[in-house]
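# Remarks on the overall topology
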Amino acid sequence: MDPLLSGLLAAVASTSRSVDKNRVIKAYDFARLAHSGQTRKSGEPYLVHPVTVAGTLASWNLDTTAIIAGLLHDTVEEGSAQAGDIQKAFGEDVWRLVNGVTIVTGIRLTGNKDAYFVENLRKMLLVMARDLRVVLIKLADRLHNMQTLQYLAPDRQIVNARETLEIYAPLAERLGMNEIGGQLEDLAFPYLYPGEHRDLVKLIQPLFKSADVYIEKFRRQLVALLQPKLPSAVINIRHKHLYSLWRKLARPDIAGDLSKVHDLVAARVLVDTADQCYQALGLIHNQFHPVPYLGMRDFIANPKPNGYRSLHLNIFGPEGRIVELQVRTHAMHRQAEMGVAAHWQMHELKSTGKLSSQDIDKGKFQVSDKLTWVKQLMAWQAEITDDQAYLEALKFDALAHRNLVFSPKGDVYDLPHGATPVDFAYAIHTGLGHQVAGARVNSQQVALSHLLKNGDVVEIIVDRKRTQPSHEWLDFVVTTTARREIAKSLKT
Ligand code: MN
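All of the points below concern the structure found in this document. What you see is a predicted model, and the numbers here were worked out from it, not measured in a lab. (Residues numbered from 1 in each chain as written. Predicted model: local features only at pLDDT ≥ 70, side-chain atom pairs only at ≥ 80, totals over all residues. Heavy atoms only, no water.)

When you go through the protein residue by residue, the secondary structure sums to 19 helices and 10 strands. The contacts in the protein between residues at least 6 apart in sequence include a share of 66% that link residues at least 24 apart. Here the protein has roughly 22,600 Å² of accessible surface; of this, 52% comes from carbon and sulfur atoms. (Helix = DSSP H or I, 4+ residues; strand = E, 2+ residues; numbered from the N terminus. Contact = heavy atoms within 4.5 Å. Areas by Shrake-Rupley, 256 points an atom, 1.4 Å probe, with all protein chains shown as cover.)

Have a look at this one:
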């Protein structure tokens, strides 16, 4: 058999989902014909690209329809197929996905054509709210295109790398696909910041090496510690992604000091149940002391807004070195790495296909609560008519890197960098926002313009008699919600 096809079938067979092999073979033949004679810039047959994309989708455990759409995603745009042929041979569902990917591919981040960009992004969100598989296919497509970026002309490299860093990597992260987001960032990094990338690699390689030796020693001690009580525990070692390391080094509290980065190389303990996570925690803390202040964060009891669950431990390892450890179940791990793709069915619209795009434009749609940001964007896109405002809301609020901030009761709020206690209050409730009189962060009284940091516990002090926000707040709030609610209230 053709080695490309047998490779794909092997990938399909290794997933936990039952995939219709005959339909996959039929789609493979269709793609082979549509791309016959075509080559990629790398000189490889074009067919390698859709087959790689389909294989990635299979490894993400997606269904037959998505895998087939992955195989066919370029057959109309780049190949010789007609839309009608796909509809006839594979049905409406497959065609909707292929067409959705084509629309999403049309999005280009060209600074001077914002209106065009916004229009496409609106379309993308509409498509995405109807079927997230479109975005997953697009991410698999982008992953392979970034892995083969060296064959493109330098100006295309920069454009694609920038788009990947600004749109696709944050999008993957917002969908909870942290592993894919990290990979996309690392693929874009050397094209956008070649000097910085080279310097960091030179600096980090020996450190990775010595950290590996140390962590391996620590791993053996952990195995000996956990094995008697938790025989099925698995311990993994992982290297921090380079781009996220570079970004961390730029943080004011780290200021380039590598000795303050404790997760350069980290260990991960995987067990079967949440109970076993806490059991492992007890065993580990009993032997290795937690680091004061860094201590431990319990994202199992308090999951992150994107659904991420895990225990994060900072402990004094052998020789007194600080080690970061994550403890989670296998299921939590799958979700942490693959996010939405791990169980995209849960997020599918209940009324898939039954909603018209006019309904969606009016905001009549349901998206799982786990994806509130998708919901929020959809609501805005119906509400905000000014393209520039929409673009800013989108680029900033949805795709910027976030801080997780806690209420005194332990509820988690996901706010962009630069957010203040006023932004926090409006994120909870508009009424609360209007009545802000003061704030305490980590029990300390702070100014209302205080910049919140990741992990802050924020308590809002209210003035019940107050009904209107203050005009000055507009000088420092950064979230679209706060800005809009304040402006709206001041107008009346
Ligand atoms: Mn493609």
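More follows now that the structure is in view.
Here we come to the packing of helix α10 (residues 194-226) against helix α12 (residues 274-287). Relative orientation of the contacting elements α10 and α12 amounts to 120°, with a least axis distance of 10 Å. By the angle class used here, α10 and α12 are oblique. In the crossing of α10 with α12, the sense of the turn from one axis to the other is right-handed. Seen from α10, the contacting residues are L222, L225 and L226; seen from α12, they are A280, L283, I284 and Q287. (Axes fitted to C-alpha atoms, helices over the stretch in contact; angles between N-to-C directions. Parallel < 35°, antiparallel > 145°, perpendicular 65-115°, else oblique. Left-handed = near helix turned anticlockwise from the far one by under 90°.)

Attention shifts here to the pattern of salt bridges. Overall, the coordinates contain 12 salt bridges when judged by the stated rule. A salt bridge links D141 to K138; the shortest N-O distance between them is 3.0 Å. Note that D141 and K138 are positioned in helix α7 (residues 133-147) at a spacing of three residues, about one turn of the helix. Assessed through its relative accessible area of 4%, D141 is described here as buried. Note that E185 and R247 form a salt bridge whose closest N and O atoms lie 3.1 Å from each other. On the criterion of sequence distance, the pair formed by E185 in helix α9 (residues 178-192) and R247 in helix α11 (residues 242-249) is long-range, its members being 62 residues apart. Sharing partners across several salt bridges, the network here consists of E216, R219 and R220. (Salt bridge = Lys/Arg side-chain N within 4 Å of Asp/Glu carboxyl O. Buried < 20%, exposed > 50% of the residue type's maximum accessible area, 1.4 Å probe, protein only.)

Here the manganese ion is held by H49 (NE2), H73 (NE2), D74 (OD) and D141 (OD), and the distances to it run 2.2 to 2.3 Å. All donors to the manganese ion come from one chain, and their sequence spacing reads H-x23-H-D-x66-D. Across the pair, D74 and H73 agree in class, each one buried. (Donors = N, O, S within 2.8 Å, 3.2 Å for Na, K, Ca; no water.)

Next up on the list: the environment of L8. Tracing the sequence through the fold places L8 in helix α1 (residues 3-13). The class of L8 is buried, set by a relative accessible area of 2%. Residue contacts for L8: discarding those within four places in its chain leaves V24, V51, A54, G55 and L71.

Moving on: the packing of α7 against α9. Between α7 and α9, whose axes approach to 10 Å, the crossing angle comes to 30°. Taken together, α7 and α9 sit at an angle that is classed as roughly parallel. Here the hand of the crossing between α7 and α9 comes out left-handed. For the pair formed by α7 and α9, the contact residues are L139, R142, L143, M146 and Q147 on the first element and Q183, L184, L187 and A188 on the second. For the contact of α7 with α9, the class distribution of residues is six nonpolar, two polar and one charged. (Nonpolar A, V, L, I, M, F, W, Y, C, P; charged D, E, K, R; others polar.)

Turning to the packing of aromatic side chains, a few remarks are in order. Considering all chains together, one arrives at seven aromatic pairs under this definition. Seen from their ring centres, F189 and Y243 are 5.4 Å apart, and the 75° between their planes marks the pair as edge-to-face. With F189 in helix α9 and Y243 in helix α11, the pair connects residues that are 54 residues apart, well separated along the chain. Taken as a pair, F189 and Y243 share a single burial class, namely buried. Taking the centre distance of 4.7 Å and the plane angle of 45° together, the rings of Y193 and W246 count as tilted. Placement of the pair is Y193 in the loop between α9 and α10 and W246 in helix α11, with a sequence separation of 53 residues. (Phe/Tyr/Trp six-rings, centres within 6.5 Å; stacked < 30°, edge-to-face > 60°.)

What follows covers the side chain of D63. The residue D63 is located in the loop between α3 (48-59) and α4 (64-72) in this model. Within the local environment of D63, its side chain forms a polar contact with the backbone nitrogen of A66, the two atoms lying 3.1 Å apart. (Polar contact = N/O pair within 3.5 Å; in protein donor to acceptor, adjacent residues only side chain to side chain.)

Strands sit in the order β9-β8-β10 across an open sheet of three strands; the sheet is antiparallel. A single partner strand is all that each edge strand has here, and the edge strands are β9 (444-446) and β10 (458-462). Between one strand axis and the next, the sheet turns by 35° as a mean value, whatever way the strands run. Pairing between strand β8 (residues 436-441) and β10: five bridges, direction antiparallel. Counterpart to R440 in the pairing with β10 is E459. (Pairing = 2+ DSSP bridges.)

The subject of this paragraph is the nonpolar core. Formed by 98 residues in total, the largest nonpolar core has its most connected members in W60, L72 and I284. For this core, the element with the most residues is α10, which contributes 10 residues. (Core = buried A, V, L, I, M, F, W, Y, C linked by side-chain atoms within 4.5 Å.)

Moving on: the environment of P231. Within the secondary structure layout, P231 lies in the loop between α10 and β1 (234-239). For P231, a relative accessible area of 59% corresponds to the exposed category. The sequence separation of P231 and V271 amounts to 40 residues, and the corresponding C-alpha distance is 9.2 Å.

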